[in-house]
Amino acid sequence: MSSAPPDTAARPDPGTPDGAAPDSILRVSGLEVVYRSVILAVRGVSLEVPEGSIVAVLGSNGAGKTSLLRAITGLLDVHHGEITKGTIAFAGKDITNADPAKIVRSGVAQVMEGRRVFTSLTVEENLRAGGYTVRSRSELREHEERVYELFPKLVERRSSIAGYLSGGEQQMLAIGRALMASPRLLLLDEPSLGLAPLIVKQISEIIAEVNRSGVSVVLVEQNATMALALADHGTVVENGRVVKDGTGEALRNDKDIQEFYLGTGEAGRRNFRDVKTYRRKKRWSA
């Protein structure tokens with residue numbers, strides 16, 4: 001994750017009580033995000049992640065999903081964005097506009113879209129970089145061994161240069177690097193992007209295993225089939241707004257979701273790519 005920009009002195013320190021429910025690891029309330037004081041990317045989005053759950057955020061390109069994650073992790077400044085309304089609470093503490101490094105230390109980790117591994121470093125060096133907040137060497141080794149248990153393939157590649165790994169191996173490394181900080185909340189941005197179906201299945205199984213170990217997960221995905229198979233709860237975002245919200249099972253059985261995201265129903269029988277966004281907007285705004 002990028003280091004904080006120079007003007008971080010104005011940022012609050014994570015730790016201010018915000019009134020979030022004790023069983024909610026993350027609560028986003030009425031969030032509005034604007035880029036360059038002009039582009040409104042997120043419009044009043046609210047999201048709640050119960051402790052120990054997987055919450056999927058679905059939507060097409062440009063829906064506002066990545067902007068939501070940047071707001072949570074404090075990285076909007078890097079992209080000339082800002083939170084203009086709303087609050088973000090993690091584990092009952094206000095982290096709205098907090099310093100990114102402090103957010104990481106509080107227990108939030110993110111795997112960005114496109115994996116973003118350090119291509120000139122080895123697998124082992126990448127993992128050690130992910131554990132930079134861990135002060136104890138013995139604890140760092142424990143985290144590393146846990147990652148290798150989750151990703152046996154990385155054991156074989158531990159001395160390999162990350163840039164020469166396959167796409168699936170790089171995604172495993174990116175997730176493993178995030179887990180080195182032993183987060184309570186893991187944010188995953190399009191982890192299935194560009195991967196073969198078999199690798200997507202493996203990544204899906206790993207996400208489920210990470211969640212079973214006690215880590216809460218926010219899964220941002222366009223692959224609705226994968227996301228809703230994992231998710232306890234799901235939120236659909238279009239044009240910066242929440243248009244659908246419900247349990248993973250309810251969304252899987254929803255006719256609109258089946259038609260527009262799972263490629264079944266009337267649209268799926270014709271050509272999924274021909275479905276127009278305005279039809280979603282018209283139906284969901286009714």
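Preceding this section is the structure that the text describes.
Please read all numbers here as calculations on a predicted model, not as lab measurements. (Residues numbered from 1 in each chain as written. Predicted model: local features only at pLDDT ≥ 70, side-chain atom pairs only at ≥ 80, totals over all residues. Heavy atoms only, no water.)

> How would you sum up the pattern of salt bridges? Please name residues and give values.
Inspection of the entire model under this criterion finds 16 salt bridges. Here Glu 124 and Arg 128 are joined by a salt bridge, their closest N and O atoms 4.0 Å apart. Remark: Arg 128 and Glu 124 occur in helix α3 (residues 123–130); sequence separation between them is 4 residues, near one turn of the helix. Of the residues examined, Glu 124 reaches a relative accessible area of 25% and is grouped as partly exposed. A salt bridge links Arg 128 to Glu 144; its shortest N-O distance comes to 2.9 Å. Placement of Arg 128 in helix α3 and of Glu 144 in helix α4 (residues 137–150) is noted, with a sequence separation of 16 residues between them. (Salt bridge = Lys/Arg side-chain N within 4 Å of Asp/Glu carboxyl O. Helix = DSSP H or I, 4+ residues; strand = E, 2+ residues; numbered from the N terminus. Buried < 20%, exposed > 50% of the residue type's maximum accessible area, 1.4 Å probe, protein only.)

> Explain helix α6 (residues 167–179) to me, and be specific about the residues and the numbers.
With 13 residues, α6 should cover 18 Å at 1.5 Å per step; its first-to-last C-alpha distance of 19 Å lies within 8% of that length. A large share of α6 lies buried, amounting to 12 of its 13 residues. Listed as buried for α6 are Gly 168, Glu 169, Gln 170, Gln 171, Met 172, Leu 173, Ala 174, Ile 175, Gly 176, Arg 177, Ala 178 and Leu 179. Residues of α6 that are buried sit in contact with β7 (108–111), α3, α4, α5 (152–156), β8 (185–189) and α7 (197–212). (Expected span 1.5 Å × (residues − 1). Contact = heavy atoms within 4.5 Å.)

> Residues and numbers for unusual backbone geometry, please.
Non-glycine residue Asn 97 carries a positive phi angle of around 65°. On the secondary structure map, Asn 97 appears in the loop between β6 (93–94) and α2 (100–106). Phi angles above zero are rare outside glycine, and Asn 239 is one such case at about 50°. Exposure remark for Asn 239: the relative accessible area of 33% places this residue in the partly exposed category.

> Now, about the environment of Glu 113: what can you tell me, with residues and values included?
Relative to the helices and strands, Glu 113 resides in the loop between β7 and α3. Between the C-alpha atoms of Glu 113 and Glu 190, which are 77 residues apart in sequence, the distance is 5.5 Å. Among residues more than four places away in sequence, those in contact with Glu 113 are Thr 66, Asp 189, Glu 190 and Leu 193.

Keep in mind that these numbers describe shape and distance, not what the molecule does.
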